Structure formats: structure tokens, C-alpha cells
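So the chains spell out like this:
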Amino acid sequence: MGSVSLKIGDGTARFRRATLCSSALHLIMLASVLTTNLFALYAFTSSPSSFSSRHSLDSGATADSRNISLISEHVAIIVREIESSQRRLHQIERELAGYDTFDPAKPSLPPDLKLFLARHPLPLGRDTRSGITEMVASVGHSCARSPAADLLTRYMSYKPAVPCPLDDPFLSQKLIAKACEPLPRRRCLSRPTVPVAASRLPFPQSLWSPGAKNPGAGVYGIDKQLWIKPGGKNDFLIDDVLALARGGIRIGFDIGGGAGNFAARMAERNVTIVTSTLEVGGKQMNEFIAARGLFPLFLSPAQRFPFYDSVFDLVHTMNAFDEGGAPALGQASRTEALEFLMFDIDRVLRPGGFFWLDNYLCAGDEQKRLVTRLMERLGYKKLKWVVGEKAEKSSSEKAQVYISAVLEKPVRG
């Protein structure tokens, strides 16, 4: 971010983009100046005879009057052109700086949201490389679009320093589903959504008997069979994967981990797993994971992971690989969506670490080829790679294709 190293969200990329585009701004300004000068040159050098012949003037006095009128019209055109260019340049500058369509001066915005969106001076002054002197809010630009803008206004309508309003408990997740994150409500006291238990069971008993209401069944509840007993050739066992690492896995990240079963199995083997999950079917998954003595993270796969580079020995995902670009990029499974998610997985995974793609459902052969090409492009080593089909209940439906893989990140550079 220039000579002053400040990382706020994707601020570094934004400042670099502004630096790279500064030459484009200069070219636009130069073109505008040249255009206006040509207009002026034409207006003031045109002969009175040409104006007279064009308008069939009958007398010299009338010709002079009309010439002055034409010159005035040309000057007005030049002024309008200059004003239009200035407005466009101002808009380009706002877009490059990241201000987009969210105007903090909008009267309908709640006061605390205005405070969050206000520009703040850089702590160390002007950045010498980009020329930027202020920081912009880290709220995503998609927050300015309806219905996210209306949801954000509801979310930020609260009184600071008092208990948070009893609004929709899943309002924050609705904002995340609209790619509006991070969520800036920070100055009210949270309310527990479930009664606090008088006592919690000790670890490791809490892994499988957390003392909290079971939020569901199958992958969204406690499942003691996953990764212990294979249900098909696409099901890998935890002990087999850990054996491949020869004791090199100590900390990992499970993307879209449901109720935290993967983290629970790894905890039994002295491996710490951070589990990202959203609330599933109106159930408080994060509280349930915490009751098991595990680490939950309320995070959408579409968001950039809030971790430093190369910190995890293992990244695992079972059912969230398609959600990486939705809804921020529209349709899930797009090339850009998968690339954005996979490149962020690559960023937080250490060299030599494992990426475990667990029973990924492909939409078709093209999707399978896309995932395969992406892994090959990143240069990952295939330690395990199984492509299997699972027939639907109806014989008329096509069999679904699943990919399960354990891939090793290469050491680059």
C-alpha cells in the first residue's frame, strides 16, 4: 500500500489499482484539454465570411451580431464539455479510491453507519506512492445495492452502548448472503440467542455430548461414522490422510464445516481445526460448535479468509467448494468463483500442506474438467484422487459425479 504499509481488507489491492490507473487519468485529462482547445481555436479563427455565407446575412452589422452569437454558442459548448469531463474524472477518481455508490452524507443512513463509512486520515499521512491521504470504509460495494442496502440500514439502526435490538437473529447472515461484509455493528451489547448453560461438559466428553440441543441430523448434526467407516470409494479415512503427512498436520481449516464433526475427529487426534459455518436451517450452528469445545467462525466462503498467509497444515471442505463465489459473483461454480476460492485456500495453506476436497459434487463433465485443470494449474501433487458416480433414486436420472482428493501444495520459488 505504498511506502506506508496499511492493510485494511483489500485496501492494498485497491491502492495499487489506483496507482496503475493514474496514467489513464492523465491521458483522459490530456484528451479533454486538447478537445477544448480545438473547439476554441475553431471558434475564434473562423472567418466572418464563412458565418455570413452559411446564414445568408444581408448586412455587415447583422453578420457581426450573428458571428458573436455563434462564438457564444461555441464557448457554451466548450464550457459544457469541460464540465462533463470534470464530472467524469471526479467519478473515476471516486471509483478508483473505492467510494463507489455509498454516500456517507445520505440522510437516510443511521448515525452509527455514517460514522463507520466516514473517511479517516491515514495515521502516517499521505501515501507517497498512491497519493491517497484517507482511508475508506471496508464495507463491500455490494452493500450499496438493493436489497442489501435496505438490510444494512435495518442492521445498523440501533442505539450504541445498550443491548442490541431484538431484530431478526439471522439478519447478519442475510447480509452475508448478499455479499455485504464485513458487518460493522460493533457498539451494542449482544444478546444470547439461547440460555447459557449452568455448566458445560469437560473436554473431550463435550465433543460427542455437548449438552446443547442437537441442531439436526446427518452432516448438520453429530455423525460418529464420518471419516471412520467408509460408505463408498470416495470416502477417505482421517487416519489414512494423517498417515500421508507423517505427523506434519497440527492446525487446519474446515470450510463450511456444518456442526464441526471434522474438527471433533481431528481434536481426538490432537489436531486443531477452525470451522467456518453459517447458520443452517435457522439453527445456531456456531453456538453448537462452541458447546462441543471447538472453534467456530461465522464466515461465508465468498469472503476473503481472515488469516495470514501459509498458516494452515490442512484445509478441508466437504460441501462449500461451490459456494466460494456465490452470491458475490452471481452463479456458483463459475470459473471465477472457483478460482477466487481456490487461490485463497492456496494463500492460507503452507507449502507442503494438504488440501482435502471431500466428496465434491460436480454439475457435469465440464465442471469436473474445470476443477481438474485448476488443480493442475496450481501445480498440486495428487496424493489421492477418486472420481466416482452416485446414481439417483430414480433410474431415469443421470448419475452424479463426485470428486474426492487429497492434494499437496508445492513449494514455489
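Just so you know, these numbers come straight off a predicted model, no measurement behind them.

Calculation rules
Residues numbered from 1 in each chain as written. Predicted model: local features only at pLDDT ≥ 70, side-chain atom pairs only at ≥ 80, totals over all residues. Heavy atoms only, no water. Phe/Tyr/Trp six-rings, centres within 6.5 Å; stacked < 30°, edge-to-face > 60°. Helix = DSSP H or I, 4+ residues; strand = E, 2+ residues; numbered from the N terminus. Buried < 20%, exposed > 50% of the residue type's maximum accessible area, 1.4 Å probe, protein only. Lys NZ or Arg CZ within 6 Å of the ring centre and 35° of its normal. Core = buried A, V, L, I, M, F, W, Y, C linked by side-chain atoms within 4.5 Å. Contact = heavy atoms within 4.5 Å. Expected span 1.5 Å × (residues − 1). Arc of directions from axis to C-beta. Disulfide = S-S within 2.5 Å. pLDDT = per-residue confidence, 0-100. Salt bridge = Lys/Arg side-chain N within 4 Å of Asp/Glu carboxyl O.

Asks: Quick rundown of the packing of aromatic side chains? Include the residues and the values.
Replies: Going through the model one piece at a time under the given rule, you end up with six aromatic pairs. With a centroid separation of 5.3 Å and an interplanar angle of 75°, the aromatic rings of W227 and F262 are classed as edge-to-face. Residue W227 is found in the loop between α6 (171-177) and α7 (238-245), and its partner F262 is found in helix α8 (residues 261-267); the two are separated by 35 residues along the sequence. Side by side, W227 and F262 carry an identical accessibility label, which is buried. Ring geometry for F253 versus F312: centroids 5.5 Å apart, planes at 20°, classification stacked. Of this pair, F253 sits in strand β3 (residues 251-255) while F312 is found in strand β6 (residues 312-317), placing the two residues 59 residues apart along the sequence. Per residue, the accessibility class of F253 equals that of F312, and both read buried. Each residue in the set F253, F305, F307 and F312 is aromatic and connected to the rest through ring pairs, giving one cluster. R185 extends its terminal NZ or CZ atom over the ring of Y158, reaching a point 5.8 Å from the ring centre. Residue placement shows K384 over the ring face of F236; its charged tip is 5.1 Å from the ring centre.

Asks: How would you explain the nonpolar core if you had to name every residue and give the values?
Replies: Formed by 31 residues in total, the largest nonpolar core has its most connected members in F253, F305, V315, F321, M342, I345 and F355. At the level of elements, β3, β6, α10 (335-348), β7 (349-362), α11 (365-378) and β9 (400-408) are the ones that each hand at least two residues to this core. Contacts of F305, omitting those with residues within four sequence positions, involve F253, I255, L299, L341, D344, I345, R347 and V348. Counting residues in each nonpolar core, the second largest holds 23 residues, with L207, I273, L314 and V406 among its members.

Asks: Can you explain α11? Please cite residues and give values.
Replies: A rise of 1.5 Å per residue sets the reference length of α11, with its 14 residues, at 20 Å; its end C-alpha atoms lie 20 Å apart and thus fit the reference within 8%. Q367, L370, V371, T372, L374, M375 and L378 are the residues of α11 that are buried.

Asks: Account for α7, with residues named and values stated.
Replies: An α-helical segment advances 3.6 residues per turn. Residues three or four places apart therefore align on the same side. Along α7, the positions that sit buried rather than exposed are I238, V241, L242 and A245. Seen from one end, α7 has its buried residues packed into an arc of 100°, which puts them on one side. Tucked into the core, α7 has its buried residues touching α8, β7 and β9. Just past α7, the residue R246 takes up positive phi, approximately 55°.

Asks: Lay out the state of the cysteines in plain terms, naming residues and giving numbers.
Replies: Tallied over the full model, the rule gives one disulfide. Across the disulfide from C164 sits C188; the S-S distance is 2.0 Å. Because the sign of the S-S torsion sets the handedness, a value of about 90° for the bond joining C164 and C188 places this disulfide among the right-handed ones. Taken together, the positions of C164 in the loop between α5 (148-155) and α6 and C188 in the loop between α6 and α7 put the pair 24 residues apart, joining distant regions of the chain. Residue C164 shares its accessibility class with C188, and that shared class is buried.

Asks: Go over the confidence of the model for the protein chain with me, naming the residues and quoting the values.
Replies: Across the protein chain, the average pLDDT comes to 76, with 69% of residues at or above 70. Of all helices and strands in the protein chain, the one with the weakest mean pLDDT is helix α2 (residues 48-55) (47), whereas β6 scores best (97). Scored below 50 in pLDDT, residues 325-333 shows 19 contacts in the model against residues more than four places distant or in partner chains.

Asks: Which residues make up the pattern of salt bridges, and what values do they have?
Replies: The full count for this structure, using the stated rule, is twelve salt bridges. With a closest N to O distance of 3.0 Å, E268 and R265 form a salt bridge. For E268, a relative accessible area of 37% puts it in the partly exposed group. Residue classification places R265 among the buried residues on the basis of a relative accessible area of 10%. Residue D313 pairs with R350 through a salt bridge whose shortest N-O separation is 2.5 Å. Placement of D313 in strand β6 and of R350 in strand β7 is noted, with a sequence separation of 37 residues between them. On the basis of relative accessibility, which here comes to 4%, the residue D313 falls in the buried class. Residues joined by salt bridges that share partners form a network here, namely D239, R265, E268 and R269.

Asks: So what's going on with unusual backbone geometry? Which residues, and what values?
Replies: The amide bond that connects F203 to the next residue, P204, takes the cis arrangement and shows omega of 10°. Examined against the element boundaries, P204 turns out to sit in the loop between α6 and α7. Even without being a glycine, S310 presents a positive backbone phi close to 55°. Position of S310 among the secondary structure elements: in the loop between β5 (295-297) and β6. The exposure class of S310 is partly exposed, given its relative accessible area of 36%. Positive phi, close to 55°, is recorded for N359, a residue that is not glycine.

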